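Reading the structure
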Amino acid sequence: MSQALSGRRVLVVEDESLVAMLLETILEDMGCTPVGPASTVDEGLAMATGGEPLDAALLDVNVAGRQVFPIAQALKDRGVPFVFSTGYGEGGLPDEWRGQATIQKPFTEAAVRDALMQAMGVENV
């Protein structure tokens, strides 16, 4: 387990319940506290803007048929780092979001950990 992520609160926005449960398990295994999961853009936006302390977020790009970018913008405005997850990789992102930390489904625990650490700018100890 990476101590660098221990205790971090990570918002999960994912509409597929099995994927959301997998992400929660991965986060808990890394010592993080999962927040959510939110299964709709509106629910995720409420969690992202609700003032609850967040250290990072994992955002499925397509949530119940809607794009997740309003949540990404709200997190960016708050200074909360986030990672996109998508079946299409970074190539599936609009130009303005290219270069953002992205993991491609299906993902591994290592991919999630590395992307979160990159997004938060933390070193693995």
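Residues numbered from 1 in each chain as written. Predicted model: local features only at pLDDT ≥ 70, side-chain atom pairs only at ≥ 80, totals over all residues. Heavy atoms only, no water.

**Some remarks on the overall build of the chain**
Operational definition: Only runs of H or I of at least four residues qualify as helices and only runs of E of at least two qualify as strands under DSSP, and these elements are numbered from the N terminus. All radius of gyration figures rest on C-alpha atoms, and the globule criterion is 2.2 Å times the number of residues raised to 0.38. Whether two residues are in contact is decided by their heavy atoms, any of which lying within 4.5 Å being enough. Computed by Shrake-Rupley with a 1.4 Å probe, the accessible areas treat only the displayed protein chains as cover when residues are assessed. Under the convention used here, Asp and Glu are negative, Lys and Arg are positive, and both His and the chain ends fall outside the count. The atom standing in for a charge is NZ when the residue is Lys, CZ when it is Arg, CG when it is Asp and CD when it is Glu.
A count of helical and extended segments in the chain gives four helices and seven strands. Each helix and strand of the chain, ordered N terminal to C terminal, gives the series β-α-β-α-β-β-β-α-β-β-α. Computed over its C-alpha atoms, the radius of gyration of the chain comes to 13 Å, within 12% of the 14 Å expected for a compact globule of 125 residues. In terms of principal-axis extent, the alpha carbons of the chain reach across some 35 × 30 × 30 Å. For the chain, the proportion of contacts with a sequence separation of at least 24, taken over those separated by at least 6, is 64%. As displayed, the chain has an accessible area near 6,000 Å², and 48% of this comes from carbon and sulfur atoms. Treating the 8 positive side-chain charges of the chain as one cloud and the 18 negative ones as another, the clouds have centres 4 Å apart.

**Quick look at the confidence of the model for the chain**
In low-pLDDT regions, the fine details of the predicted coordinates are not to be read closely. Let me state the cut-off plainly: pLDDT expresses, on a scale from 0 to 100, how confident the predictor is about each individual residue.
Confidence along the chain averages 92 in pLDDT terms, with 97% of residues attaining 70 or more. Highest mean pLDDT in the chain belongs to strand β1 (residues 9-13) (98); lowest belongs to strand β7 (residues 102-104) (92).

**Quick notes on the pairing of strand β2 (residues 33-38)**
What counts is decided by this rule: Between any two strands, at least two bridges found by DSSP are needed for them to pair. Handedness is read with the strands pointing away from the viewer; a crossover is right-handed when the path from the first strand over the helix to the second is clockwise.
Pairing geometry for β1 and β2, over four bridges, is parallel. Bridged to L11 within β2 is V35. In this fold, the crossover linking β1 to β2 by way of helix α1 (residues 17-29) has right-handed handedness.

**Observations concerning the packing of α1 against helix α4 (residues 109-120)**
Our working definition: Under this scheme, a helix contributes an axis fitted over its contacting stretch, all axes are lines through C-alpha atoms, and angles between N-to-C directions fall in the 0 to 180 degree range. Orientation is classified from the angle alone, with under 35 degrees giving roughly parallel, over 145 giving roughly antiparallel, 65 to 115 giving roughly perpendicular, and any other angle giving oblique. By convention, the crossing between two helices is left-handed when the near helix turns anticlockwise from the far helix through less than a right angle, and right-handed when the turn is clockwise. Each residue gets one label: Ala, Val, Leu, Ile, Met, Phe, Trp, Tyr, Cys and Pro are nonpolar, Asp, Glu, Lys and Arg are charged, and the others, such as Gly, are polar.
As a packed pair, α1 and α4 sit with axes 10 Å apart at the nearest point and diverge in direction by 65°. Here α1 is positioned roughly perpendicular relative to α4, judged by the angle of their axes. Judged by the twist between their axes, the crossing of α1 over α4 is right-handed. Contacts between α1 and α4 involve L23, I26, L27 and D29 from the first element and E109, V112 and L116 from the second. Looking at the contact of α1 with α4 residue by residue, the classes come out as five nonpolar, no polar and two charged.

**Here we look at the pattern of salt bridges**
To keep it simple, the criterion reads: A pairing counts as a salt bridge when a side-chain nitrogen of Lys or Arg comes within 4 Å of a carboxyl oxygen of Asp or Glu. Per-residue accessibility, obtained with a 1.4 Å probe over protein chains only, is compared with the maximum for each type, and a residue is labelled buried under 20%, exposed over 50%, and partly exposed between these values.
Enumeration according to the criterion identifies six salt bridges in this entry. The closest approach of N and O atoms between E14 and K105, which form a salt bridge, is 3.1 Å. In this pair, E14 sits in the loop between β1 and α1 while K105 sits in the loop between β7 and α4, placing the two residues 91 residues apart along the sequence. Assessed through its relative accessible area of 2%, E14 is described here as buried. For K105, the salt bridge identified is with D60, shortest N-O distance 3.2 Å. On the criterion of sequence distance, the pair formed by K105 in the loop between β7 and α4 and D60 in strand β3 (residues 56-60) is long-range, its members being 45 residues apart. Linked through salt bridges whose partners overlap, the residues forming this network are E14, D60 and K105.

**Brief notes about the environment of M21**
Considering the arrangement of structural elements, one finds M21 in helix α1. Looking at M21, the relative accessible area reads 45%, which means it is partly exposed. Between the alpha carbons of M21 and P37 there is a distance of 8.4 Å; along the sequence they are 16 residues apart.

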